[in-house]
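# A closer look at the structure
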Amino acid sequence: MTALARILGRQHRFEIAAIALFTVVLVLATLIAGLRLRELEPTDACVDAWLGLGPDGAPCAIAAWLSLRNGEVGLLGLAFLAAPFLVGAVAGSVLLAREIELGTAALGWALQPRRARWIAPRIAAALLLVITTMAAIAIAGRFLWSAADPAIDPALSFARYGLDGPLLIVRGVTVFAIAVLAGAIVGRQLPTAIVMLGLTIVLWLAMQHPFPWGVPTTWVPLDAQMTDARSGGRAELSDPDRIVGYGFQSPDGVVRSFTDAAASAPAGLDDDALDAWVRQQATEVVGIVPGAEAGSVALRESLALAGVALAALAGSFLVIGRRRP
Amino acid sequence: MDAAARSSPDRTSPGGPLACTVDGLSVRYRGTGQVLDDLSMALPAGSVTALIGPNGVGKSTLLRTIAGFERPTSGRVRVDGVDVHGGGSAARGSTGFLPQRVALYPASDARAHIAWAAAARPGYDRGIPERMLRDLDVPMDRRTDRISGGQRVIVALALVLGTRPALLLLDEPTEAMDPLVRLEVYGLIRDLAQRYGTSVLVATHQLAEATAAADRFLVLGGGRITLDGDAPTLLATHRTIHADAPLPPGAAWVAAVPGGGADRRVVIRIDPDRPVAGDALTLDDLLLAHLAALRSATGPAVTR
């Protein structure tokens, strides 16, 4: 394994260096931002006063904290969103495609007649890199988000969903597995990179709008959802629930779109009158998955993505097994 | 080892046991059609055989199929007594295959490659590649992207030889080498075949160099082995002529390769009544690689 790690490490040194650099910079930036947020963290009374939930008048130095939280930390949030895609795609797309394209795979197959034994240690080594990297990023993320949203329990809120914890690691592994499969099928580095660019966009969009994964939607009046909540006695600055729908709920409990709800309105109403009529007949509601379900949803998504990753890796074994040297 | 796969013992040749037998082998690709057509051949254990034929005739396909990387449409390949396509990795494990397009890890040196091969393959004999590289003055501590193309092929060949295969398949291994190194490599192949009883089947155009190592030649044409014999016999009994020539009376045609048109074929003829020894026919004249050039020839018959 040491000999293989050395030879693979040299072959993929630029990708390894890029991933390491990205990780080190992101983790360091995260640590610095997290420590700074903790330094500037306002008191509960200050946050309550700023939100208008508590008595006014106490000296409150929240501006610098908010500026950091909504500025630099917001940008770091984007990096955390991108991390599993960058790390997974970069590590996975070259792993097999480069060996097939350059011809080193043919030599490996000449030495090792069982292709599964050729591919398995490669995937294991790269997987170790991806998991280690993503774990470091996930741990740093937990440190940062707990400073940015002190009142939030990640298991009870969607506010920072997918930006830390095991789900971040599973997402990285899934993208990696899909990239490995793409490389095995395409067998060339540049076309694989182009394919992965397209797939990354699709996966990115899919993961930014996660399915409730079987958790039923709860319909609540819009006004009630807009009210700030408290968690553990502290005001929350981020909505813990995930909004997944919007409509108008009639007294019989059926939720309809505005157009459907307005279809039975008397003829001749202008826009304002029609709006007022619909609101008179039905309650404006939002469909939410409650924050309390966040842990359950993350677990379900992790399991689903792990299934996808396993299928993709199994597919890679299959494709490599049928390739001509 | 799969008992069923071994149930039928290998045939033996008059000279001894066979390392590989191919019976009625056909390979057909979608799109390109029939590549190998009911091909049969046998390789004696410990022999070095050169497989010759023009480009595209199916040499690589034959080697890949024997190596187990290609599944035949019909027919059977047995290596060391095991059905390659029914015996799984047991048969493939006793076959070493160096494909035409093979590369080394550019940022690593030969020593790292040997360490990697030894780790990847149980029972790997790292002494073989180390000795081979030392004998051929190939630097073992220099990155492989900083040694010559010929040296890279030698390293790849040495790595495969370290598996001590019962059957070694080489697909045009010396293409990137200069003539002296070719001779050295073929000499080494012969030496290894003798020392370890390894049978070697080498696809090549370099017939002159291959003669230094090969016990016999197989000519592939039309999806079959069209000629099978040792070099001295071929020299004495064969001529290359162009097929649109009227055949000399009594000539026996043993090989035919499709030429530039339906009526043009380059053939190799056995003419026992007119031995060509002393007829200024050199081995190079016989070079079956010349078939490729000759097949595009037009005009009157070419007879030498």
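All chains use their own residue numbering, which begins from 1 and follows the written sequence. Chain A is the first chain written and ligand 1 is the first ligand written, with later ones labelled in order. This being a predicted model, a pLDDT of at least 70 is required before a residue's local features are given, and a value of 80 or more before pairs of side-chain atoms are given or counted; all residues contribute to the totals for chains, interfaces and linings. Excluded from the side-chain calculations are hydrogens and water; all other atoms, namely the structure's heavy atoms, are used.

### Looking at the domain arrangement of chain A
Per the annotation, domain bounds derive from an automatic or database assignment of domains. You can read the domains of chain A as domain 1 (2-212 + 293-322) and domain 2 (218-291). Spacing between the C-alpha centres of domain 1 of chain A and domain 2 of chain A amounts to 35 Å.

### Things to note about the environment of B:Leu169
Residue and element names in this part refer to chain B. Among the secondary structure elements, leucine 169 is positioned in strand S8 (residues 167-171). A 1.4 Å probe rolled over the protein chains alone gives each residue an accessible area, and that area as a share of the maximum for its type sets the label: buried under 20%, exposed over 50%, partly exposed in between. Residue class for leucine 169 comes out buried when judged on its relative accessible area of 0%. Considering only alpha carbons, one finds leucine 169 and isoleucine 66, 103 residues apart in sequence, at a separation of 8.4 Å. Among residues more than four places away in sequence, those in contact with leucine 169 are Leu63, Ile66, Ala67, Thr95, Gly96, Phe97, Leu98 and Leu201. Here a strand is any run of E in DSSP of at least two residues, a helix any run of H or I of at least four, and the numbering for each starts at the N terminus. Contacts between residues were defined by any pair of non-hydrogen atoms, one from each residue, lying within 4.5 Å.

### Focus on the packing of aromatic side chains
Working definition: a ring pair exists when centres of Phe, Tyr or Trp rings (six-membered ring for Trp) sit within 6.5 Å. Plane angles under 30 degrees give stacked, over 60 give edge-to-face, the rest tilted. As enumerated under the stated definition, the model contains 8 aromatic pairs over all chains in all. With a centroid separation of 5.5 Å and 75° between ring planes, the pair formed by A:Trp109 and A:Trp118 is classed as edge-to-face. The two residues A:Trp109 and A:Trp118 agree in class, both being buried. Between B:Tyr105 and B:Trp116 the ring centres are 5.2 Å apart and the planes differ by 90°, which places this aromatic pair in the edge-to-face class. One end of the pair, B:Tyr105, is in the loop between strand S7 (95-98) and helix H3 (110-120); the other, B:Trp116, is in helix H3, and 11 residues separate them in sequence. Looking at B:Tyr105, the relative accessible area reads 1%, which means it is buried. In this structure B:Trp116 comes out as buried when scored by relative accessible area, which is 4%.

### Some points on a negative patch on the surface
A cluster of acidic residues, B:Asp135, B:Asp137, B:Asp178 and B:Glu184, forms a negative patch at the surface. Tracing the backbone shows B:Asp135 in helix H4 (residues 127-135). Here a patch means residues that are over 30% exposed by relative accessible area and free of salt bridges, tied together within 9 Å if like-charged and within 5 Å if nonpolar (Val, Leu, Ile, Met, Phe, Trp, Tyr). To measure how exposed things are, a 1.4 Å probe is used in the Shrake-Rupley method; for residues, cover is taken only from the protein chains shown. The salt bridge definition used is simple: a Lys or Arg side-chain nitrogen within 4 Å of an Asp or Glu carboxyl oxygen. Asp and Glu are treated as the negative residues and Lys and Arg as the positive ones, with His and the ends of the chain left uncounted. By convention, the point assigned to a charge is CZ for Arg, NZ for Lys, CD for Glu and CG for Asp.

### Here we look at the interface of chain B and chain A
Counting residues at the interface gives 31 residues for chain B, matched by 26 residues for chain A. Together chain B and chain A conceal approximately 2500 Å² of surface at their shared face, both sides included; 63% is due to carbon and sulfur atoms. Sorting the residues of chain B by area buried against chain A places B:Phe69, B:Tyr105 and B:Trp116 first, and these three jointly supply 29% of that buried surface. Where chain B touches chain A, the interface holds 0 salt bridges. Think of a polar contact as two N or O atoms within 3.5 Å of one another; within protein, one of them needs to be a possible hydrogen donor and the other a possible acceptor, and neighboring residues in sequence only count if both atoms come from side chains. Where chain B meets chain A, there are 5 residue pairs in polar contact (both at pLDDT 80 or more). Elements with a contribution of two residues or more to the side of chain B that touches chain A: helix H2 (89-93), S7, H3 and helix H5 (149-161) of chain B. The element contributing the most residues to the side of chain B that touches chain A is H3(B), with 7 residues. Defined here as a combined quantity, buried area equals the accessible surface (1.4 Å probe) lost by two parts on assembly, summed across both.

### Observations regarding the nonpolar core
Nonpolar cores were defined as sets of buried Ala, Val, Leu, Ile, Met, Phe, Trp, Tyr and Cys residues, with membership established by side-chain atoms within 4.5 Å. Core analysis: the biggest nonpolar cluster contains 93 residues, and A:Leu96, A:Phe176, B:Leu39, B:Met41, B:Leu51, B:Ile66 and B:Leu201 have the highest contact counts within it. With 13 residues, the single largest contributor to this core is helix H8 (residues 115-148) of chain A. By size, the runner-up hydrophobic cluster in this structure holds 49 residues, among which are A:Leu107, B:Ala117, B:Leu170 and B:Leu188.

### Topic: the sheet that holds S8(B)
All names here are of chain B. Two strands make a pair as long as DSSP finds a minimum of two bridges between them. Overall, mixed pairing links the 6 strands, which are arranged S7-S8-S9-S4-S10-S11 in an open sheet. Edge positions in the sheet fall to S7 and strand S11 (224-229), since each of these pairs with one other strand and no more. Here the average twist between neighbouring strands, direction ignored, is 20°. Bridging between strand S4 (residues 48-52) and strand S10 (residues 216-221) involves 4 bridges; their strand directions are parallel. By the bridge assignment for S10, isoleucine 52 is matched with valine 219. For helices, the axis comes from a line fit to the C-alpha atoms of the stretch in contact; other axes are also lines fit to C-alpha atoms, and the angle between any two N-to-C directions lies between 0 and 180 degrees.

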